[in-house]
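# Coordinates in review
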Amino acid sequence: MRWRRYGEHAALLDCASLEEMSAARATLTEAALDGVTEIVPGARTLLVVASTSALEAARSLLASADLDHPPAGDAREVVLDVRYSGEDLSLVAEDAGLSVAEVVALHTRAVYTVAFTGFAPGFGYLAGLPAELQQSRLSSPRTRVPAGSVAIADEYTGVYPRESPGGWRLIGHTEVTLFEPSAAQPALFTPGLRVRFRSV
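Residues numbered from 1 in each chain as written. Predicted model: local features only at pLDDT ≥ 70, side-chain atom pairs only at ≥ 80, totals over all residues. Heavy atoms only, no water.

Of the two faces of strand β5 (residues 77–82), only one is covered, namely that formed by Val78, Leu80 and Val82; the face formed by Glu77, Val79 and Asp81 stays uncovered. Both β5 and strand β13 (residues 194–199) contribute to a ladder of six bridges, which runs parallel. The residue of β13 that forms the bridge with Val79 is Arg196. (Buried < 20%, exposed > 50% of the residue type's maximum accessible area, 1.4 Å probe, protein only. Helix = DSSP H or I, 4+ residues; strand = E, 2+ residues; numbered from the N terminus. Pairing = 2+ DSSP bridges.)

Time to look at unusual backbone geometry. We note that Phe119 has phi near 70°; this positive angle belongs to a residue other than glycine. By the secondary structure assignment, Phe119 is in the loop between β6 (112–117) and β7 (124–127). One non-glycine residue, Asp154, lies in the positive phi region at around 55°. Position of Asp154 among the secondary structure elements: in the loop between β9 (149–153) and β10 (156–159). Under the relative-accessibility criterion, Asp154 is labelled partly exposed at 34%.

Here we take up helix α1 (residues 18–31). Three- or four-residue spacings in an α-helix give side chains the same orientation, since the helix completes a turn every 3.6 residues. When the terminal C-alpha atoms of α1 are compared, their 20 Å separation across 14 residues agrees well with the 20 Å that a helix rising 1.5 Å per residue should span. Within the sequence span of α1, burial applies to Leu18, Met21, Ala23, Ala24, Arg25, Ala26, Thr27 and Leu28. Ala32 occupies a position one or two residues after α1 and carries a positive phi of about 50°. (Expected span 1.5 Å × (residues − 1).)

This next bit is on the packing of α1 against helix α2 (residues 52–64). How two helices pack is summed up by the angle between their axes together with the distance between the axes. The interhelical angle for the contact between α1 and α2, taken along N-to-C directions, is 125°, at an axis separation of 10 Å. Comparing their axes, α2 and α1 come out oblique. In terms of crossing hand, the pair formed by α1 and α2 is right-handed. Contacts between α1 and α2 involve Ala24, Thr27, Leu28 and Ala31 from the first element and Ala58, Leu61 and Leu62 from the second. By residue class, the composition of the contact of α1 with α2 is six nonpolar, one polar and no charged. (Axes fitted to C-alpha atoms, helices over the stretch in contact; angles between N-to-C directions. Parallel < 35°, antiparallel > 145°, perpendicular 65-115°, else oblique. Left-handed = near helix turned anticlockwise from the far one by under 90°. Contact = heavy atoms within 4.5 Å. Nonpolar A, V, L, I, M, F, W, Y, C, P; charged D, E, K, R; others polar.)

Geometric descriptors of this kind do not, in isolation, establish any biological role.
Below, the structure written as structure tokens:
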């Protein structure tokens, strides 16, 4: 891990892997250090916004933490009902050397964790996609992906919270609202949340 100054009141932690970033995030979140105002995870980075003294405390904490055994973190879990009829479902099955039923079984059997958010309000990058389903993005992104589309790309699965362009492989659709600006907590997906998918 390597720390870099990020403006006057923040530091960016470069991590070796998604797992290391997730462990660092869970450790800092659990510690709830005074003076830390925001923790923003990325695929291989963790932005910590805090006072100078709190940043030093965060560095010290992570330097001595056992990141191979991080805190369990958020115990909440949501289950999303999915209709597995995405435009790329057959392509995913073909590229994986599986049947469509096997793709659905693998996708619904896994327990995912929101590793970080981005791309669009409410979009969560869900870690835990089975290795058999890990495939590259489409070579030519779509100009329109419907809201609620369940998709996979690389090591992640995710759900498009609103209509937008996108290059992930579409395998299904859910009716769940992922982002509601007027809600007390606008985004359903927050880092650390566990997610399961259920075929309907």
